[in-house]
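Descriptive analysis of the structure
This is what each chain is made of:
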Amino acid sequence: MSRHILTSRGDRIRTCDFGALRATRYPGFNPISRRNLFALTKAKFWEKNGNANFNKRQRMMVNKLMDGFEGKLTSSKWAKMVKCSADTSLRDIHGLIDQGILEKEPGGGRSTSYRLII
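About the criteria used
- Residues numbered from 1 in each chain as written.
- Predicted model: local features only at pLDDT ≥ 70, side-chain atom pairs only at ≥ 80, totals over all residues.
- Heavy atoms only, no water.
- Salt bridge = Lys/Arg side-chain N within 4 Å of Asp/Glu carboxyl O.
- Helix = DSSP H or I, 4+ residues; strand = E, 2+ residues; numbered from the N terminus.
- Buried < 20%, exposed > 50% of the residue type's maximum accessible area, 1.4 Å probe, protein only.
- Phe/Tyr/Trp six-rings, centres within 6.5 Å; stacked < 30°, edge-to-face > 60°.
- Contact = heavy atoms within 4.5 Å.
- Polar contact = N/O pair within 3.5 Å; in protein donor to acceptor, adjacent residues only side chain to side chain.
- Axes fitted to C-alpha atoms, helices over the stretch in contact; angles between N-to-C directions.
- Parallel < 35°, antiparallel > 145°, perpendicular 65-115°, else oblique.
- Nonpolar A, V, L, I, M, F, W, Y, C, P; charged D, E, K, R; others polar.

**Brief notes about the pattern of salt bridges**
- For the coordinates displayed, the defined rule picks out four salt bridges.
- A salt bridge links Glu-105 to Lys-72; the shortest N-O distance between them is 4.0 Å. Of this pair, Glu-105 sits in the loop between β3 (102-104) and β4 (114-116) while Lys-72 sits in the loop between α3 (56-66) and α4 (75-82), and the two are 33 residues apart along the sequence.
- On the accessibility criterion, Lys-72 (51% relative accessible area) is exposed.
- Note that Glu-103 and Arg-115 form a salt bridge whose closest N and O atoms lie 2.3 Å from each other. Remark: Arg-115 occurs in strand β4 and Glu-103 occurs in strand β3; sequence separation between them is twelve residues.
- With relative accessibility at 27%, the residue Glu-103 sits in the partly exposed group.

Structure follows, in structure tokens:
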């Protein structure tokens, strides 16, 4: 923010600490609201895993999972959402499992599903 804006707002602006993240608090901004907490969780995830080796499809799907994906993630859903083959989706998923980003849910066989580790 510019110095002028900071000086004109005075004490109305406060800074909140959330671990390694810092959020500037404005009047009417509730740092504990669900939407804000969700955004901070997503930011913490990318801060922690930003150096991980993601390809474009993996990055897109991890963002979709964090943005409120409903239902169970399967390799066939992955393939449809990113428009790739089933084999490619399975390679992407296994790459994320190896990096500790996804894990298999209990159960398996044809209905193997995966969940994001946050």
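**Some points on the packing of aromatic side chains**
- For the structure shown, the criterion picks out two aromatic pairs.
- Summarising the aromatic geometry, the rings of Phe-45 and Trp-46 are spaced 5.2 Å apart at their centres and angled 85° between planes, so their arrangement reads as edge-to-face.
- Taking the relative accessible area as the measure of exposure, Trp-46 reaches 18% and is therefore buried.
- When the ring of Trp-46 is compared with that of Phe-54, the centres are 5.2 Å apart and the planes differ by 70°; the resulting orientation is edge-to-face.
- Here a set of aromatic residues connected by ring pairs shows up, and it is made of Phe-45, Trp-46 and Phe-54.

**Quick word on the environment of Leu-96**
- Residue placement: Leu-96 occurs in helix α5 (residues 86-98).
- Not counting residues within four places of it along the chain, the set of residues in contact with Leu-96 comprises Phe-54, Gln-58, Val-62, Trp-78, Ile-101 and Leu-102.

**Brief notes about the side chain of Thr-112**
- One can find Thr-112 in the loop between β3 and β4.
- Among the polar contacts listed, one links the side chain of Thr-112 to the backbone oxygen of Gly-109, at a separation of 2.9 Å.
- The contacts of Thr-112, once residues within four sequence positions are left out, are Leu-73, Thr-74 and Lys-104.

**Structural notes on the environment of Ser-89**
- Tracing the backbone through its elements, the reader meets Ser-89 in helix α5.
- According to the relative accessible area criterion, Ser-89 is buried, its value standing at 0%.
- In this structure the C-alpha to C-alpha distance between Ser-89 and Gln-58, which are 31 residues apart in sequence, comes to 9.0 Å.
- When sequence neighbours within four positions are dropped, the list of residues in contact with Ser-89 reads Ser-75, Trp-78, Ala-79 and Cys-84.

**Description of unusual backbone geometry**
- Here the phi dihedral of Lys-83 falls at roughly 55°; this positive angle occurs in a residue that is not glycine.
- Residue Lys-83 is classed as exposed on the basis of its relative accessible area of 74%.

**What to know about the packing of α3 against α5**
- One can describe the packing of α3 onto α5 by two numbers: an axis separation of 10 Å at closest approach and a directional angle of 70°. Between α3 and α5, the interaxial angle falls into the category roughly perpendicular. On α5, the residues touching Arg-57, Gln-58 and Val-62 of α3 are Thr-88, Asp-92, Gly-95 and Leu-96.
- Tallied by class, residues from the contact of α3 with α5 come to two nonpolar, three polar and two charged.

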